[in-house]
Amino acid sequence: LLATKDDWAQSVDDQGFNKYDVEAGHDFAEKVGLTPAEAADAWSLIGKYHRQIDHRLLDVIRGTSNQIPEDILDKVPGGLKHFSGGSYGLVLRPSDIGLPFPTWRHHQIAPILALANTSKKVRALIAPTGSGKSLLATSLPLITGKNALILTKNKSLQYQYRDTIKLVASVEGMANFHCWLDGFDELPVSDAPCREGYKCPIRPSCDYYVQRDIAARAKVAVTNYDYALTAMNADHPVTAGRYWLIADEGQHLDEKLTEAYSIEITPKQRTQMDIPDGLGDDHGRWRAWAKQVSPSWSHTLRVVESEMAIIQEGMGSDSESPLNSTDPDSYKELGRRLKSTRASVKLLSQLSAMTDDYIIYRDDYKQSFRPLWISNQAKAFFAYWGQVMLMSATLPRAPVLSRLYGIPEDAIFEYEVPSVFPVEHRLIYVKPIAKMTRGTVDVSLPKIIPAIDRILAGYPDKKTLIHSHSNTLRDKIRGMISSAHRSRLMWYDGPTRAQAIKAFTETKEPKVMIA
C-alpha cells in the first residue's frame, strides 16, 4: 500500500501517509526477503496504517483467511515474495515468475500458499479436472527457487506441459529418436554406436542429446515415469540434483514403481537361457538357479563386450572418417547380441536378489515376478528428491499413501482443491446395457451401438469422447456407428495420438473422438 505512493508522500492528499514510512514501504516492496528486524518494522507499519488497509487483506495478514480477493490482487504489483522464516506470502502475478498467465484463478491461491509453506517432505494434492494442476505444479519450483522434474504417465500430458508452459523443457527416451550416422539411420539412438563408447562426430546435433541437454539445464523439466525411474539408477543429468519431484497422475506411481522392480521372462529368453521348467513358484529354486548360471553368462558378456571394443577401436571418431572401416550390418548384429546378453545378465542379477515377498506367476506369454509391496523400494525413490508432490483427482488419502510407500503419515501434507465446476455440470449417468468382456464383445456391441447413436443424435452440436479399451474395439465401433454420424468421427493410431488429441481439443466442430 505504501509502495503505491508514487509521489513519495510529497503532496497533500488527505491519506495521512508519513513520507518516511513511504520510503520504508518502497524499500520493503522491492526486497525478495525480509530480515526478522525488517519484518518487525513492516508489522509496525501495518498496525500504524491498518485503518487504510482493506479489512479482507487484514484478515489474510492476521491468518484468519487464506484468500486474497481478486479485486485487491489487481491493484498489487509484483510476484510471490519470500519472507523470513521460510514462508511465502502473496503479492502476485503468474507472469512475474515466468508463467504465461495474467492472473491466478481464485481457487489456486490458497493451495499455492499451503503447498509452498508446509515443511513436510511429501505433498499430496487432490485436485479435480479443470483446477489447473499443471499451473500449480510449475508454480512451486518457480516460487521456491528450486529446480524440478515433473512426471506424467503418457506423452500427451507431457506435450501439454511443453506446449502450454514454454519454460518447461520436455525430454523423451532414446528409443524415440533415430541415429543419423550413415548406415545406422535405421537404428534408434538406444542402439547407436555412441552407446558403446563411439565418439560420434554429430553428437552436438543429435536430436536426442539436444533435447536431453536442454532439459538438464532447465529449471523445470517434464518426462514420463519410465524415463525418470531408469535415469535415477544412473548419474543422469536430467534427474541428478533435482530438488522437486512432481508426480502428475500420482495415483499411478505405485504401479510404475511395481513395474520398475518387477521381473519378466519371455518365451524367447526362456529358450535362449535354457531355463528349466521345474522351478515353479519356489523363490529359493529360482535364486539358486540364477546364482549357478550367472558366472557363465557374465563370462559371455565380457567376451561380447571385448568384440565390440575391438570394432569401436577401428571405427574412427572424427568427421573425416566416421565408421569407414566398419560394416554397419555386422555392427548391428553384434549390437543385438550385446543387448540380449546384457538383458540376460541383468535378469539373473534380479532373480538372485529377489525376496520371498515377490509373487511368481506364469501366463501364456511370459513368466512374471512382481513385488507384493513396494514400500521398501519406494523409500529409496522418495529419498532421492528434496521434496515430492503427488497430485491427481483420484489420489489416495494420506493414510493409504503412508502404508503404500512406507512414509510416516505425519510426513505427508494433504490438500484438496474443490471442483471448479458446478455439480449440475458434472453429472454422471449410469446406463448398463451389456457386459463387455473378451468373450462377449461381439454379442454386446450390437446392443451398445444403438445407444451411442442415440446420444450422438441427441447432441449433434456437441463434441463427444468415446473411450474404448483397445484399438480392435475402437475399429469395431467405427465400423458399426450409423453412417449419419461418421463424418464427425476422429481417431488415432499410436504415432498420431498427440496430433489427433490436439486437433480434437482445438476444433470448434462437434467432432466425436474414439480413443
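I will try to describe carefully the structure that is included in this document. All values reported here derive from a predicted model rather than from experimental measurement.

1. Notes on the pattern of salt bridges
Part 1: Applying the stated criterion across every chain, the model contains 22 salt bridges.
Part 2: Asp163 serves as the salt-bridge partner of Arg162, at 2.9 Å between the closest nitrogen and oxygen.
Part 3: Classification of Arg162 as partly exposed rests on a relative accessible area of 31%.
Part 4: The partly exposed category is assigned to Asp163, whose relative accessible area is 34%.
Part 5: The partner of Glu506 in a salt bridge is Lys502, with the nearest N and O atoms 2.9 Å apart. Here the residue Glu506 and the residue Lys502 both occupy positions in helix α18 (residues 497-506), the gap between them amounting to four residues, near one helical turn.
Part 6: One network of salt bridges, with partners in common, ties together Glu196, Glu305 and Arg342.

2. Focus: the sheet that holds strand β10 (residues 367-371)
Part 1: Ordered by their spatial adjacency, three strands build an open sheet running β8-β10-β9, and the pairing between neighbours is antiparallel. Among the strands making up the open sheet, the edge pair consists of β8 (263-265) and β9 (358-362). Within this sheet the neighbouring strands show an average axis-to-axis angle of 10°, counted without direction.
Part 2: Relative to β10, β8 runs antiparallel, the two being bridged by three bridges. Across the sheet, the residue bridging to Ile263 is Phe369, located in β10.

3. Comments concerning the pairing of strand β7 (residues 244-248)
Across a regular strand the side chains alternate sides, sitting on one face of the sheet and then on the other.
Part 1: The buried count for β7 comes to five of five residues, which makes it a mostly enclosed element.
Part 2: Residues Trp244, Ile246 and Asp248 line one face of β7 and the alternating positions Leu245 and Ala247 line the opposite face, and both faces are buried.
Part 3: Relative to β7, strand β4 (residues 148-152) is paired through four bridges, and the arrangement is parallel. What sits directly across from Leu149, in β7, is Leu245.

Parameters and conventions
Numbering of residues begins from 1 in every chain and follows the order in which that chain's sequence is written. Reporting of local features is limited, given that this is a predicted model, to residues whose pLDDT is at least 70; pairs of side-chain atoms are given and counted only at 80 or more, and all residues count toward the totals for whole chains, interfaces and linings. Water and hydrogen atoms were dropped before computing side-chain values, which therefore reflect all heavy atoms in the structure. Here, a salt bridge means any Lys or Arg side-chain nitrogen found within 4 Å of an Asp or Glu carboxyl oxygen. Only protein chains enter the calculation, and the probe is 1.4 Å; a residue is then buried if its accessible area is under 20% of its type maximum, exposed if over 50%, and partly exposed in between. Helix and strand labels come from DSSP, where a helix needs a run of H or I of at least four residues and a strand needs a run of E of at least two; each type is numbered from the N terminus. For two strands to count as paired, DSSP must find a minimum of two bridges between them. Helix axes are fitted only over the stretch in contact, all axes being lines through C-alpha atoms; the angle between N-to-C directions runs from 0 to 180 degrees.

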